[in-house]
Amino acid sequence: MSDSMSFDPDRSVTDPPPSPPPARGAGTVLVAVSTQDGRPLADIGVEVRAIGMETPWTVAMDLPRTTDLRGQYIWTGLPAGEYAFAVRVPGRRRSQPRRVRLAAGETRAVVFTVEG
């Protein structure tokens, strides 16, 4: 183990840490949040919960997860299984969770439309 740190001048301080490479056979979920008229919503909190299995480390990491300027957050490296996704829009209650069953190697989208 080394005590040295590296500096990447091309990476912004606000950029999220790089994701670990996806595990072989792991799945990906894209969460998208927009208004009723299709405008993407950035900085919306995204939550996920593993259902009926031990929570994978890719879900359990204590990092803030929010949508980007395109209104999207992408989870990679998720083991096959069932998950519940929800979003938190500032000033509103958390959305109803949306369940997704993810197969190994599969990519799924979960879309939330915010009213008003």
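Preceding block: the structure.
Below you will find a few notes about this structure. (Residues numbered from 1 in each chain as written. Predicted model: local features only at pLDDT ≥ 70, side-chain atom pairs only at ≥ 80, totals over all residues. Heavy atoms only, no water.)

Topic: unusual backbone geometry
Comment: phi is negative for the bulk of residues other than glycine, and the bulk of peptide bonds are trans.
No. 1: You will see that Asp43, though not glycine, has its phi angle at about 60°, which is positive.
No. 2: Classification of Asp43 as exposed rests on a relative accessible area of 58%. (Buried < 20%, exposed > 50% of the residue type's maximum accessible area, 1.4 Å probe, protein only.)

Overview of the sheet that holds strand β3 (residues 72-78)
No. 1: Across the sheet, which stays open at both edges, the three strands sit in the order β3-β1-β6 with mixed pairing between neighbours. The two strands at the open ends of the sheet, each matched to only one other strand, are β3 and β6 (107-114). When the angles between neighbouring strand axes are averaged without regard to direction, this sheet yields 15°. (Pairing = 2+ DSSP bridges. Helix = DSSP H or I, 4+ residues; strand = E, 2+ residues; numbered from the N terminus. Axes fitted to C-alpha atoms, helices over the stretch in contact; angles between N-to-C directions.)

Here we look at the environment of Gln36
No. 1: Looking at the secondary structure, you find Gln36 in the loop between β1 (27-35) and β2 (45-51).
No. 2: In the structure, Gln36 is positioned 78 residues away from Val114 in sequence and 6.2 Å away in space, judged by C-alpha atoms.

A short note on the nonpolar core
No. 1: Grouped together as the largest cluster of nonpolar side chains are 20 residues, with contacts concentrated most on Val31, Val33, Leu78, Tyr83 and Phe85.
No. 2: Those residues within four positions of Val33 in sequence are excluded, and the remaining contacts are Arg39, Pro40, Leu41, Ile44, Thr67, Gly71, Val87, Phe112 and Val114. (Core = buried A, V, L, I, M, F, W, Y, C linked by side-chain atoms within 4.5 Å. Contact = heavy atoms within 4.5 Å.)

Brief notes about the environment of Val89
No. 1: Examined against the element boundaries, Val89 turns out to sit in the loop between β4 (81-88) and β5 (98-102).
No. 2: Relative accessible area serves as the criterion here: at 14%, Val89 is assigned to the buried category.
No. 3: Residues Val89 and Val46, spaced 43 residues apart in sequence, show a C-alpha to C-alpha distance of 9.1 Å.
No. 4: The residues contacting Val89, other than those within four sequence positions of it, are Ile44 and Val114.

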